[in-house]
Amino acid sequence: MRIGIDLGGTKIEVIALHHNGEILFRKRIPTPRGAYEATLLAIKSLVDEAEQETGQTGTVGVGIPGTISPFSLRVKNANSVWLNDQPLDKDLSQILNREVRIANDANCMTVSEATDGAGAGSAVVLALILGTGCGSGIVINGKPHNGGNGIGGEWGHNPLPWMDEEEQQIAQMSPCYCGRSGCIEQFVSGTGLCDDYTRRSGKHLKGHEIVALAEQGDEFAEQTLQAYERRLAKALSAYVNVLDPDVIVFAGGVCNIDRLYYNVPKLMPNYIFGKEFHTPIRKALHGDSSGVRGAAWLWPL
Ligand SMILES: [Zn+2]
């Protein structure tokens, strides 16, 4: 049995998977925000419960909103800041009495989609997680590419390439929280999409409301989505020009916008070196569950 834990900023989810992928147990609890010791104990109680309910012991993989630094061996880059600078994998291995594998949550989602989701059967899978923020994961032959600095797949805080005048103005007006400006995340996250509609219309709407308005012929909503598709094509093309994956998966809330799968591939050749682009772009198959499933799959058979 494989146990996966998705350690999020607001909830901790556990899943226990049979070797054939069947879900044996699943539970969500609120994250003890700000409390590291309590977070460790909450994870232990979930693992204990999964094992009691199923009568089996399992391997444990954990997805976190950050990464373990290969140098300090402590968590870094977590927006759940109480995890930062803690030796989380060591502490969990100790408290659970077994080796625990930890990976970045975007990498876990990509592992899930590469294992039995939208990227199954492909050697090199790139998943873009387009939600409140934006991140990405790279899986090569079933394994997440963490990288020598532990930042493999960190994409959102590179600058948007081939900026037009409007994009340069946006970058100058609103610096990113990371301290730089013009970051990809500011343009292609779900938050970036909504901010762009507000800039054009003066109104605050959710992503699905903007999509519905565009379908009704609303000019600002249509402009927003067209600009979004162009920006996503630019940011993704620069990625493809380096990695050239076998399949691309969109995950996160924005992945539910169906027109992206028609319009973005058409725009890609404008920015791809050599203009040839035939890589499939697919919607994540496991949706919200990809993170916790991928954490379980950190332990192969
Ligand atoms: Zn940034």
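Residues numbered from 1 in each chain as written. Predicted model: local features only at pLDDT ≥ 70, side-chain atom pairs only at ≥ 80, totals over all residues. Heavy atoms only, no water.

- Named according to an unreviewed UniProt entry, the protein is Fructokinase originating from Rodentibacter mrazii.

Focus: the packing of aromatic side chains
Point 1. Under the defined criterion, the tally for this structure stands at 3 aromatic pairs.
Point 2. Relative to Tyr 271, the ring of Trp 162 lies with its centre 5.4 Å away and its plane at 25°, an arrangement referred to as stacked. In this pair, Trp 162 sits in the loop between strand E10 (143–144) and helix H4 (165–173) while Tyr 271 sits in the loop between helix H9 (260–267) and strand E12 (281–283), placing the two residues 109 residues apart along the sequence.
Point 3. When the ring of Phe 250 is compared with that of Tyr 261, the centres are 5.6 Å apart and the planes differ by 45°; the resulting orientation is tilted. Residue Phe 250 is located in strand E11 (residues 247–251), and its partner Tyr 261 is located in helix H9; the two are separated by 11 residues in the primary sequence.
Point 4. Taking the relative accessible area as the measure of exposure, Phe 250 reaches 0% and is therefore buried.
Point 5. The exposure class assigned to Tyr 261 is buried, which follows from its relative accessible area of 17%.
Point 6. Over the ring of Trp 299 we find Arg 101; its NZ or CZ atom is 3.5 Å from the centre of that ring. (Phe/Tyr/Trp six-rings, centres within 6.5 Å; stacked < 30°, edge-to-face > 60°. Helix = DSSP H or I, 4+ residues; strand = E, 2+ residues; numbered from the N terminus. Buried < 20%, exposed > 50% of the residue type's maximum accessible area, 1.4 Å probe, protein only. Lys NZ or Arg CZ within 6 Å of the ring centre and 35° of its normal.)

Things to note about the sheet that holds strand E9 (residues 134–140)
Point 1. Ordered in space as E10-E9-E8-E11-E12, the 5 strands form an open sheet in which the pairing is mixed. A strand with exactly one partner marks an edge of an open sheet, and here the two such strands are E10 and E12.
Point 2. Note: E9 against E10, 2 bridges, orientation antiparallel. The partner of Val 139 across the bridge, within E10, is Pro 144.
Point 3. Where helix H3 (residues 105–116) meets the sheet, it contacts strand E8 (124–130), E9, E10 and E11, and its direction lies at approximately 50° from that of E9.
Point 4. Seen against the sheet, helix H8 (residues 219–243) touches E8, E9, E11 and E12 and runs at an angle of roughly 150° to E8. (Pairing = 2+ DSSP bridges. Contact = heavy atoms within 4.5 Å. Axes fitted to C-alpha atoms, helices over the stretch in contact; angles between N-to-C directions.)

Notes on the coordination of the zinc ion
Point 1. Here the zinc ion is held by His 157 (ND1), Cys 176 (SG), Cys 178 (SG) and Cys 183 (SG), and the distances to it run 2.1 to 2.3 Å.
Point 2. Coordination at the zinc ion is tetrahedral: its 4 donor atoms span angles of 103 to 116° at the metal.
Point 3. Going along the chain, you hit the donors of the zinc ion in the pattern H-x18-C-x1-C-x4-C. Here His 157, found in the loop between E10 and H4, pairs with Cys 178, found in the loop between H4 and helix H5 (184–188); they are 21 residues apart in sequence, far enough to count as distant.
Point 4. Take His 157: its relative accessible area is 28%, and that puts it in the partly exposed class. (Donors = N, O, S within 2.8 Å, 3.2 Å for Na, K, Ca; no water. Tetrahedral: all angles 85-135°; square planar, octahedral: opposite > 155°, others 65-115°.)

Overview of the sheet that holds strand E1 (residues 2–7)
Point 1. A sheet is described by the order of its strands in space; here 5 strands give the open sequence E3-E2-E1-E4-E7, paired in mixed fashion. Of all the strands in the sheet, just strand E3 (23–30) and strand E7 (100–104) have a single pairing partner and so form its edges. Between one strand axis and the next, the sheet turns by 15° as a mean value, whatever way the strands run.
Point 2. Bridge count between strand E4 (residues 59–64) and E7: 5 bridges; the pairing is parallel. By the bridge assignment for E7, Val 62 is matched with Ile 102.
Point 3. Here H3 sits on the sheet and contacts E4 and E7; the angle it forms with E7, its principal contact strand, is near 100°.

Section: the environment of Asp 288
Point 1. Within the secondary structure, Asp 288 is located in the loop between E12 and helix H10 (290–296).
Point 2. Sequence separation between Asp 288 and Leu 267 is 21 residues, and the spatial gap between their C-alpha atoms is 28 Å.

Notes on the pattern of salt bridges
Point 1. This model, assessed by the stated rule, comprises 18 salt bridges.
Point 2. Here Asp 196 and Arg 199 are joined by a salt bridge, their closest N and O atoms 3.2 Å apart. Placement of the pair is Asp 196 and Arg 199 together in helix H6 (residues 190–201), with a separation of 3 residues, close to one helical turn.
Point 3. Asp 196 is paired through a salt bridge with Arg 231; the nearest N and O atoms lie 3.3 Å apart. Taken together, the residues Asp 196 in helix H6 and Arg 231 in helix H8 connect sequence positions 35 residues apart. The burial state of Asp 196 is the same as that of Arg 231; both residues are buried.
Point 4. One salt-bridge network, held together by shared partners, links Glu 166, Glu 167, Asp 196, Arg 199, Arg 200, Arg 231 and Lys 234. (Salt bridge = Lys/Arg side-chain N within 4 Å of Asp/Glu carboxyl O.)

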